[in-house]
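Topology and contacts: notes
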Amino acid sequence: MDGEHSALAAVEREREKLPPIYNSSPPAGLGRGAKQPFPSLGTFISTLSQRRDAAGRGLAGGVTGPLSSTLGLRHGRELPPICSDVRQKQRLSIDTLPPEVKAPFPADPIIPLRTKTTKEFQEDMEQINAAFKREANGSFNTTDDSGVNAKFVNAVYDALLSTPQDIQKSVLKGIINSLLREWKGPRTKDDLRAYLVLVQNPQYSSTSTYVIYAHLLRQIAALSEADHHFLVHWLKKLSARRFRQLVERLLQFISTRLFPAEPDELPPLAKCSWWIPSATKVLSLFNAANSVSSAPIMPFTDFYNITLEHIDFMEEYRTWQNYGNSSRFSFCQFPFILSTAVKKAIIQKDSEQQMISQARQSLVSKVSRRQRVDMNLLFLNIKVRRAQLLSDSLDELTRKRCDLKKKLRVTFVGEAGLDMGGLTKEWFLLLVRQIFHTDYGMFTYMKDSRCHWFSSWKSDNYSEFQLVGTLMGLAVYNSIALDIHFPLFCYRKLLTPPTAPCDQNALVGMATATLDDLQQILPELAHGLGELLSYEGNVEEDFYLTFQVFQEEMGLVRSYNLKPGGDKIPVTKQNRKEYVQLYVDFLLNKSIYKQFAAFYHGFHSVCASDALMLLRPEEVEMLVCGSPELDMSALQKAAQYEGYSKTDTTVRCFWDVVLAFPLELQKKLLHFATGSDRVPVGGMADLNFKISKIDVPTDWLPISHTCFNQICLPPYRTRKELKPKLTIAISNAEGFGLE
C-alpha cells in the first residue's frame, strides 16, 4: 500500500506541474472550491454519441475497445522539453502563452485539477479514441486506408466550435497533454492516425491557439520519411472541402506569423523561428498529396502564398543557393508556395545580376588591354535585314554567343530608330511567325490539339532548332511574351533536367512520356492506343501489329523498330502495354531527340540559372507565353490614353463593346493589339496597353502597333459604329503586316 500511495503521490506531483486552464486570479464572486473531476474530451465525445444514438445513428461497433492513442492523448511521465533549444522549465503549457492567447476564453467557471489516476485517464482515452476508428481492433497499416472514421471526425469538428467554452478548452488541454508526452521508439500507425485527426481541429483557425498548433506542426514535420509517406496517402483521401480548409489554414498561419495584425499578438519571432519552417514542411505534405492524387484535389496555384511577394525573396534565393536543402530554411526549398510572379521576379533579378556581371567583364577586359571603351559592349546588339531576317538572326546569335546574357538591343539595317523595347518585340514577333510557318517545316501544326510539335525529319543542321531555343530563353531573360503554342509536355522536357549538364553528351529532354502526354499532341492516335489497351478480343489476330512504327518524312515512309527485332515480334494481349509505352516514348522522345536537344541547349544557353529549378512546366509556359486568363476589367483600369481621355465617347464605347465581347473575340483583340492573346505573369498592368486617337474618317478600321501594345481608334461616335469595324479588324488581322 505504501508503494501504491507513493506512486499516486508522484502522479499528483506530475499533475500539479500542469497549470490551471484560466488566469491565476479567479473572477469576483468565485473561490477555488473543492476539487472536481476534470471535464475531459470524453464528455464531448459521449455527448455526441448520445445524440447520435438518440437519432438512431449509433456508432458502429460502439466506442469501446483498445486503440493506442488515435488522438495521441497519453499521460506523460517527466515531460520532456518540446525541442533541444528550449529549457526544461519552458515546456509548452498554458502559462507560456501570452495574455492574448488566454484572453478569448471566459474565466468562469474555474476548472480545477484532475483527480483521475494515470490508468483511469488512459482507459478513458482508449474508449474515446476508438470512436474515431471504424474498427477498434483493426490494424489498417496500409497507405490505402487510414482506418479513421472520417464522417465521425468531420461531425465532431463541425460541431466543436458551437460547444461551450469549457469543452473547447478541454479539447485543447488534451492536445497539450498529447504533445507533451514522452516518445520512446518509432511512431506507430495509431500515432500517425492521431496526427491525422488532430491536425483537422478547426480551433487552429484562431491565433489564440497558434502556440499549440505550432507544436503540433513541429511534431508532424519531424516524422520520418516513411511516416510522411503514409500521411501523404491518407491526406489525399480527405474530402475536397476538408483538404482545402487545412491548406488555407496553414497558409493563413504562415502569413499571420510573418505579418501579425498586432505586434504583440504572437510570441517574438526570434523565439519561435521554427514555426514557419514546420508549417511549410507540413504544407508540403498536402502539396505532395495533391500531386499524387489521380486528379488534383485543388489547383496547384491555390498553394501559392501571395504574402511572400512582400518579403525579401532574393535573400531567400541567395540562402537557398548557398545552403541548398540543408538545415538552413528557405522558402525556395518549397517552391510550390511561391507564386509565379515571385519566381519571375527572382529570374529577372538573377538575369539582371548576370547581365551586369557580363557587361562588367567586357568593360574590364577592354580597359586592361588599354582599348577604347565603346558603350555598345554593354549590350547584345543584333543587326538584321528584314529580307534575310532568319539567316541574319542565326548568324548574329552564333557569333555573339558569349554576349547572350547582356541586355538585348535590336537594329533593322537601313532603318533609323533607337530600340526602346519596341524593335526588340517586333524582332521576336517576326521571327516567331517565320519559324513556325508550316512552309518552313521545322514544326508541324497539329490541328486537333491546336499546338506545334517538332518535325521528325532528319537534318544534318540543327542550328535552327537551337535558335528557337535561344529565342525562348532571350524572351524569358528580357521579359517578353511570345506567341508560341507548344504542348505542356514540351516544357516538361525543357526541365529534364532543369539545369543543363556539364557533359555535352549527357541525355537531355528525355522526360517520361505517357498516353496522357500524347493526348495533348495527337488526341486521335492516343484514343486509338487507348482502345488497343482495353480491347477484349484477340489482339494479335485482329490488330496484326508488330513492335514497329512507320513515319512519313519528306514524302517518304520509313520504318523503325521499337526494340531489337521489333518487326518480327507480334503485339499480343500480354505485351501490348509495353508496345504502347515504347510507341509513345518513340514519338515524343526518341524520334525528335536531336532536334529537341539542340532546342534544349539553346534555351539553357541563355537561362542557365538555379531559378529554373523552382519552376513547374506550367510556370515555364507562363513565363514564355504569358497567362491565358484574361481580365478585361483589369485591362480597362490599367489602360493609358493618347489623344483621348477615359471619359471620351469613343473610349467609353470601346470598353462597352470589349467587355461585352465573348472570350474568343477578347483574345483576338489582345492578339491584334499586342501580338499575343496571353497576359504577362504580372497581369494586365504589365502590358502597358495604350489607346490612341487617329485623325482619319470614321469609316476606317482601327489599326494597331503591336510592338508598343497600342491600338489606334478613329473618333467613332457610337457603339453601333465602333463594334462592326473593331470586330472586322481583330478578326482579319493576319496578313495586315506589322506597324
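Residues numbered from 1 in each chain as written. Predicted model: local features only at pLDDT ≥ 70, side-chain atom pairs only at ≥ 80, totals over all residues. Heavy atoms only, no water.

**Digging into the pattern of salt bridges**
This is how it is decided: Each salt bridge in this description consists of a side-chain nitrogen of Lys or Arg and a carboxyl oxygen of Asp or Glu lying within 4 Å of one another. Helix and strand assignments follow DSSP, with helices taken as H or I runs no shorter than four residues and strands as E runs no shorter than two, numbered in order from the N terminus. Classification of residues uses two cut-offs on accessible area relative to the type maximum, computed with a 1.4 Å probe and protein chains only: under 20% is buried, over 50% is exposed, and between them is partly exposed.
Within this structure, the stated rule accounts for 21 salt bridges. Where Asp-190 meets Arg-193, a salt bridge forms, and the shortest distance between an N and an O atom there is 2.9 Å. Here the residue Asp-190 and the residue Arg-193 both occupy positions in helix α7 (residues 189-198), the gap between them amounting to three residues, near one helical turn. Using a relative accessible area of 11% as the deciding quantity, one classes Asp-190 as buried.

**Some details on the pairing of strand β4 (residues 451-454)**
Two faces make up the sheet, and in a regular strand the side chains alternate between them. As a reminder, the rule being used: Strands were regarded as paired on the criterion that DSSP finds at least two bridges between them.
Side chains of β4 alternate between two faces, with Cys-451 and Trp-453 and His-452 and Phe-454 buried alike. When strand β3 (residues 443-446) meets β4, the two strands line up antiparallel, connected through four bridges. Each residue of the ladder has a partner; that of Thr-444, found in β4, is Trp-453.

**Brief notes about the side chain of Asn-589**
Applied cut-off: Any pair of N or O atoms that falls within 3.5 Å is considered a polar contact. Within protein, one atom must be able to donate a hydrogen and the other to accept it, and sequence-neighbouring residues count only if both atoms are side-chain atoms. Throughout, a contact is declared for two residues whenever any of their heavy atoms are within 4.5 Å.
Relative to the assigned elements, Asn-589 resides in the loop between α21 (576-588) and α22 (593-606). Among the polar contacts listed, one links the side chain of Asn-589 to the side chain of Asp-585, at a separation of 2.8 Å. Residue contacts for Asn-589: discarding those within four places in its chain leaves Phe-489, Lys-493, Gly-509, Met-510, Ala-511 and Ala-513.

**Quick word on the nonpolar core**
Put simply, the test is: Residue types Ala, Val, Leu, Ile, Met, Phe, Trp, Tyr and Cys, when buried and joined through side-chain atoms within 4.5 Å, form a set referred to as a nonpolar core.
Trp-427, Ile-435, Phe-454, Met-472 and Phe-486 are the most contacted members of the largest nonpolar core, which totals 156 residues. Apart from residues no more than four positions distant in its own chain, Ile-435 is found in contact with Leu-390, Tyr-440, Met-442, Phe-443, Leu-467, Val-468 and Leu-471.

**Let's talk about the packing of aromatic side chains**
For the record, the criterion: Two rings from Phe, Tyr or Trp (for Trp, the six-membered ring) form a pair when their centres sit within 6.5 Å of each other. Planes less than 30 degrees apart are called stacked, planes more than 60 degrees apart edge-to-face, and all others tilted. The rule for a charge over a ring is simple: NZ of Lys or CZ of Arg within 6 Å of the ring centre, and within 35 degrees of the ring normal.
Counting across every chain of the model gives 34 aromatic pairs. Geometrically, the ring pair formed by Phe-454 and Phe-486 is stacked, given 5.6 Å between the ring centres and 0° between the ring planes. Of this pair, Phe-454 sits in strand β4 while Phe-486 sits in the loop between α16 (463-477) and α17 (488-494); the two residues are 32 residues apart in sequence, bridging distant segments of the chain. In terms of burial, Phe-454 and Phe-486 fall into one category: buried. Judged by centre distance (5.7 Å) and plane angle (50°), the ring pair of Tyr-579 and Tyr-583 falls under tilted. Residue Tyr-579 and its partner Tyr-583 are located together in helix α21, separated by four residues, close to a single helical turn. Comparing Tyr-579 with Tyr-583, the two get one shared label, buried. The lysine or arginine in question, Arg-409, covers the ring of Phe-379, its NZ or CZ lying 4.2 Å from the ring centre.

**Some thoughts on the UniProt feature "active site" (unreviewed entry) in the protein**
What counts, and what does not: UniProt positions are given in the numbering used here, feature names are shortened, and annotations may be inferred rather than shown by experiment.
UniProt records the feature "active site" (unreviewed entry) at Cys-707, using the numbering of this structure. Within the secondary structure, Cys-707 sits in the loop between β9 (703-705) and β10 (710-713). With a relative accessible area of 9%, Cys-707 lands in the buried category.

**Quick word on the layout of surface pockets**
Rule in force here: Cavity means a closed set of points on a 1 Å grid over the protein atoms alone, one where a 1.4 Å probe fits but cannot get out, pocket means an open set with protein on both sides within 12 Å along at least 5 of 7 lines, and lining means a residue has an atom within 4 Å of a point. Grid points are joined across faces, edges and corners, and a volume is the space filled by probe spheres set on the points. The residue classification treats Ala, Val, Leu, Ile, Met, Phe, Trp, Tyr, Cys and Pro as nonpolar and Asp, Glu, Lys and Arg as charged. All others, Gly included, are polar.
A volume near 1,100 Å³ is recorded for the largest pocket. Lining the largest pocket we find 29 residues, and of these Arg-450, Asp-483, His-485, His-671 and Asp-677 sit closest to its centre. Among the secondary structure elements, those contributing two or more residues to the lining of the largest pocket are α15 (422-435), β4, α26 (663-674) and α27 (719-731). Among the elements that make up the lining of the largest pocket, the one with the highest residue count is α26 (five residues). Residues that form the lining of the largest pocket fall into these classes: 13 nonpolar, six polar and 10 charged.

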